[in-house]
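# Observations on the model geometry
Read off the chains here:
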Amino acid sequence: MITLGIESTAHTFGVGIVRDGEIIANTKSMYSPEKGGIHPGEASEHHYANAVNTIKNALQNANLEKEEIDSIAFSQGPGIPQCLQIGGVAARSLSVSLGIPLVGVNHCVAHIEIGKKEANLDDPVTLYVAGGNSQVIGSAGGKYRVFGETLDIAIGNALDKVARKLGIPHPGGPEIEKLAEKGDKFIELPYVVKGMDFSYSGLVTKVQRELNKHEKEDLCYSFQEHAFAMLVEATERAMAHLGKDEVLLTGGVAANKRLNEMLEIMAEDRGAVARKSPMKYCMDNGAMIAYTGQKLLKSGEKTKFENSETRPDWRTEQVDIPWL
Ligand code: AMP
Ligand code: MG
């Protein structure tokens, strides 16, 4: 089976091709804002302008003609509505014009599935940390359930907001990490964990208020220590509750070395393993959509044309996973 998968939930228009479970192409075109955060209209214009070429590049890299593709997968949600639309239209057009089945894939589930395959994990608790998502996810009762999540903004968004206040361009996470490495004074900031959930807006506001009182290196260091400890605490509790001994880290914020280190220390203390999805699959990508879509198709799932509308608010636990 050869499946072409399309990703377009946010800044990335990605196309992957999977042949019998193996990734044979993974191309992308990424929108980056000139200033500020992601502008939905600009991002979707970028996707509109680059969709056809990105699909063509993927076919060329896999050395395939479009007629050789026998199924289409697409990221149906969650994500930015305008961006999702472009991938949805591209996927529906290909499915109808080639007369081949279509399957809608949940973006978060795809990050977990590709991570499990590539990091060689069986049944992990997943910490998915990105610009628009921060969730602690574990399998239970045939679904991936969200055991903890942000009550307001995502960790990546929080990092980018702090960065903007410091005059660092988007995305700010990598530069905050560099500054944090030079900080050594621990400044007390709000640490907000409520049950299994966590919250970042108070932490961001407090950092903004402290900007002129401390070195920016110390603020970045202290921000990271607080923000990541909140994530690791919720992840550890989910592992204890579910009795799982593997943890998978994914999403763009997974690039952060300090977060990896904190997660590894926690896992080691519990006699568990912590692994990161390969960075190219932590970032948004088409391969994970093609891979998960093909798994769904092989399990007999398929999305009818009339049910293929995009789902900007589609939650992880709303998806039945046939292989769980
Ligand atoms: P995504 O939404 O998965 O594309 O991830 C993008 C987010 O990851 C942005 O908010 C970035 O600031 C953040 N990010 C990227 N690299 C790093 C890093 N080294 N440390 C922390 N955050 C990062
Ligand atoms: Mg993502």
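Below is a short write-up of the structure. (Residues numbered from 1 in each chain as written. Chains lettered and ligands numbered in written order. Predicted model: local features only at pLDDT ≥ 70, side-chain atom pairs only at ≥ 80, totals over all residues. Heavy atoms only, no water.)

### Some details on the side chain of Asp218
The line we're drawing: Secondary structure elements are defined from DSSP: runs of H or I of at least 4 residues count as helices, runs of E of at least 2 residues count as strands, and each element is numbered from the N terminus. Throughout this description, buried means an accessible area under 20% of the type-specific maximum (1.4 Å probe, protein chains only), exposed means over 50%, and partly exposed covers the range between. In this tally, Lys and Arg are treated as positive and Asp and Glu as negative; His is ignored, and so are the chain termini. Criterion for a salt bridge: a side-chain nitrogen of Lys or Arg within 4 Å of a carboxyl oxygen of Asp or Glu. By the criterion applied in these results, polar contacts are pairs of N or O atoms within 3.5 Å in which, for protein atoms, one can donate a hydrogen and the other can accept it, and in which residues neighboring in sequence qualify only through two side-chain atoms. By definition, residues are in contact when any of their heavy atoms lie within 4.5 Å.
Examined against the element boundaries, Asp218 turns out to sit in helix α7 (residues 216-242). For the buried Asp218, no salt bridge exists, and the shortest N-O distance to an oppositely charged side chain is 4.7 Å, to Lys185. A polar side-chain atom of Asp218 sits 3.1 Å from the main-chain amide nitrogen of Lys185. Every residue in contact with Asp218, bar those within four places of it in the chain, is listed here: Gly183, Asp184, Lys185 and Ile187.

### Digging into helix α1 (residues 40-61)
So the rule is basically this: The span you would expect from a helix comes to 1.5 Å times its residue count less one. Two axes define the bend at a residue: one fitted to the seven residues ending there, one fitted to the seven starting there, and the bend is the angle between them.
Compared with an ideal rise of 1.5 Å per residue, which puts 22 residues at 32 Å, α1 spans 29 Å between its outermost C-alpha atoms and is within 8% of the ideal. Of all the bends in α1, the largest measures some 50° and sits at Asn50. Buried within α1 we find Ala43, Ser44, His46, His47, Ala51, Thr54, Ile55, Ala58 and Leu59. Buried residues belonging to α1 abut β1 (2-7), β2 (12-19), β3 (22-30) and α2 (81-98).

### Quick look at the site of ligand 1
Rules: Near residues are defined by distance, with any heavy atom within 4 Å of the molecule or strand qualifying the residue. Think of it as three bins: nonpolar holds Ala, Val, Leu, Ile, Met, Phe, Trp, Tyr, Cys and Pro, charged holds Asp, Glu, Lys and Arg, and polar takes everything else, Gly as well.
Taken together, 16 residues surround ligand 1, and among them His11, Gly131, Asp160, Glu177 and Gly252 come closest. Interatomic distance of 2.7 Å between a side-chain N/O atom of His11 and an oxygen atom of ligand 1. Elements represented by at least two residues in the shell around ligand 1 include exactly α4 (155-165) and α5 (173-182). Among the residues forming the shell around ligand 1, the class breakdown is six nonpolar, eight polar and two charged.

### Some points on the sheet that holds strand β6 (residues 125-129)
As a reminder, the rule being used: Any two strands are treated as partners once DSSP identifies two or more bridges connecting them. A fitted line through C-alpha atoms represents every axis, and for helices the fit uses only the stretch in contact; the resulting angles, taken between N-to-C directions, go from 0 to 180 degrees.
Here five strands make up an open sheet; going across it, the order is β8-β7-β6-β11-β12 and the pairing mixed. Single-partner strands in this sheet number two, and they are β8 (143-149) and β12 (273-276). Averaged over neighbouring strand pairs, the angle between their axes works out to 25° when direction is ignored. Here strand β11 (residues 246-250) pairs with β12 via four bridges, running parallel. Of the residues in β12, the one forming a bridge with Glu246 is Val273.

### Section: the coordination of the magnesium ion (ligand 2)
Test applied: Only N, O and S atoms count as donors, using a 2.8 Å limit from the metal and a wider 3.2 Å limit for Na, K and Ca, and since water is excluded some coordination spheres may look unfilled.
Surrounding the magnesium ion (ligand 2) are the protein donor atoms His107 (NE2), His111 (NE2), Tyr128 (OH) and Asp284 (OD), at 2.1 to 2.4 Å. Read in sequence order, the donor residues for the magnesium ion (ligand 2) give the motif H-x3-H-x16-Y-x155-D. Of this pair, His111 sits in helix α3 (residues 107-118) while Tyr128 sits in strand β6, placing them 17 residues apart in sequence. Neither His111 nor Tyr128 differs from the other in exposure class; each is buried.

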